[in-house]
Amino acid sequence: MIMEQRLTDQERLTLKTGAFGAVLLVTNADPGMVAVFRESFAASGALAGASGVVKEALTTGPLPRLPRDSELEIESVVFPALTGAVRILREKSPTDVETYRSVVLTAADRAARAHNGVAPAEAAVIDRIRGALAESA
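Residues numbered from 1 in each chain as written. Predicted model: local features only at pLDDT ≥ 70, side-chain atom pairs only at ≥ 80, totals over all residues. Heavy atoms only, no water.

A.B. asks: Can you walk me through helix H1 (residues 9-29) in this structure?
C.D. replies: Every α-helix winds through 3.6 residues per turn, so residues three or four apart in the chain are directed the same way. Taking 1.5 Å of rise per residue, 21 residues should cover 30 Å, and H1 covers 30 Å from first to last C-alpha, within 8% of that figure. Of all 21 residues making up H1, 15 are buried, and the element is well covered by its neighbours. (Helix = DSSP H or I, 4+ residues; strand = E, 2+ residues; numbered from the N terminus. Expected span 1.5 Å × (residues − 1). Buried < 20%, exposed > 50% of the residue type's maximum accessible area, 1.4 Å probe, protein only.)

A.B. asks: What should I look at first to understand the nonpolar core in this one?
C.D. replies: A general tendency of soluble globular proteins is for nonpolar side chains to be buried together. In this structure, Leu-15, Val-26, Leu-82, Tyr-100, Val-104, Ile-129 and Leu-133 are the most contacted members of the largest nonpolar core, which totals 39 residues. Where this core is concerned, the elements lending two or more residues are H1, helix H2 (33-48), helix H3 (52-59), helix H4 (71-92), helix H5 (97-113) and helix H6 (120-135). If we skip the residues at most four places from it in the chain, Leu-82 touches Gly-18, Ala-19, Tyr-100, Val-104, Ile-129, Ala-132 and Leu-133. (Core = buried A, V, L, I, M, F, W, Y, C linked by side-chain atoms within 4.5 Å. Contact = heavy atoms within 4.5 Å.)

A.B. asks: Explain the environment of Ala-119 to me, please; I cannot follow it from the model alone.
C.D. replies: Secondary-structure assignment places Ala-119 in the loop between H5 and H6. A C-alpha to C-alpha distance of 9.7 Å links Ala-119 and Val-26, two positions 93 residues apart in sequence.

A.B. asks: Would you explain H3 in this entry?
C.D. replies: The set of residues buried in H3 consists of Val-53, Val-54, Ala-57 and Leu-58. Mapping the buried residues of H3 onto a view down its axis gives an arc of 125°, with all of them on the same face. (Arc of directions from axis to C-beta.)

A.B. asks: Explanation requested: the confidence of the model for the chain in the structure shown.
C.D. replies: The predicted structure's coordinates, where accompanied by low pLDDT, should not be read in detail. Confidence along the chain averages 87 in pLDDT terms, with 87% of residues attaining 70 or more. Per-residue pLDDT, averaged within each element of the chain, yields its smallest value for H2 (65) and its largest for H4 (96). (pLDDT = per-residue confidence, 0-100.)

A.B. asks: For this particular structure, what's the right way to read the packing of H1 against H3?
C.D. replies: Working note: a packed helix pair is described by the angle between its axes plus the distance between those axes. In contact at an axis separation of 8 Å, H1 and H3 are set at 80° when each is read in the N-to-C sense. Here H3 runs roughly perpendicular to H1, going by the angle between their axes. Mapping the contact onto sequence places Arg-12, Leu-15, Lys-16, Ala-19 and Phe-20 in H1 and Glu-56, Ala-57 and Leu-58 in H3. Each residue belonging to the contact of H1 with H3 can be placed in one class, and the counts come to 5 nonpolar, no polar and 3 charged. (Axes fitted to C-alpha atoms, helices over the stretch in contact; angles between N-to-C directions. Parallel < 35°, antiparallel > 145°, perpendicular 65-115°, else oblique. Nonpolar A, V, L, I, M, F, W, Y, C, P; charged D, E, K, R; others polar.)

A.B. asks: How do you make sense of the environment of Tyr-100 when you look at a structure like this?
C.D. replies: Secondary-structure assignment places Tyr-100 in helix H5. Separated by 85 residues in sequence, Tyr-100 and Leu-15 place their C-alpha atoms 8.2 Å apart. Among all residues touching Tyr-100, those that are not within four sequence positions of it are Thr-14, Leu-15, Gly-18, Ala-19, Val-54, Leu-82, Ala-85, Val-86, Leu-89 and Leu-133.

A.B. asks: Would you take a moment to explain the pattern of salt bridges for this structure?
C.D. replies: Counted under the stated rule, the structure contains 8 salt bridges. In this structure, the salt-bridge partner of Asp-9 is Arg-12, at a minimum N-O distance of 2.1 Å. Of this pair, Asp-9 and Arg-12 both sit in helix H1, separated by 3 residues, roughly a single helical turn. With relative accessibility at 13%, the residue Arg-12 sits in the buried group. Connected through salt bridges with shared partners, the residues Arg-6, Asp-9, Arg-12 and Glu-56 form a single ionic network. (Salt bridge = Lys/Arg side-chain N within 4 Å of Asp/Glu carboxyl O.)

A.B. asks: I keep staring at the packing of H1 against H6 and nothing clicks. Help me out?
C.D. replies: Closest axis-to-axis distance for the H1/H6 pair is 8 Å, and the angle between their directions is 160°. When the interaxial angle is binned, H1 and H6 end up roughly antiparallel. The interaxial crossing formed by H1 with H6 has right-handed handedness. Across from Ala-22, Leu-25, Val-26 and Ala-29 in H1, the residues of H6 making contact are Ala-121, Glu-122, Val-125, Ile-126 and Ile-129. (Left-handed = near helix turned anticlockwise from the far one by under 90°.)

Here it is in structure tokens:
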């Protein structure tokens with residue numbers, strides 16, 4: 001029998017950092033002021049539509065503090081958070097692993113499609129996000 005364990009504040013922040021950071025990476029891949037607003041709004045619906053432990057993690061507590069200076073700096077925080085989130089969920093709430101992966105990828109995809117379709121740079125970032133989410137599989 002699989003027992004679900006409550007996530008700590010730090011673990012919830014890791015899930016949130018990965019999810020919100022993935023959207024940030026996509027919006028930065030094809031920048032533009034109007035695009036950022038459209039993309040962020042589109043992604044927020046996917047994040048809000050989560051359920052269970054994933055919803056609790058994404059909707060409670062403080063927002064993650066993501067770097068803004070360079071893509072490399074953002075990636076150095078976001079990709080480890082994505083793989084860490086999957087490990088945390090596999091350990092504490094295995095039934096929510098696929099929910100998290102789906103929510104993050106849906107949010108990234110919606111962000112990419114929100115302004116003039118998916119640009120090649122956005123598609124490349126989404127592939128890297130997918131890889132990070134599968135890495136600890």
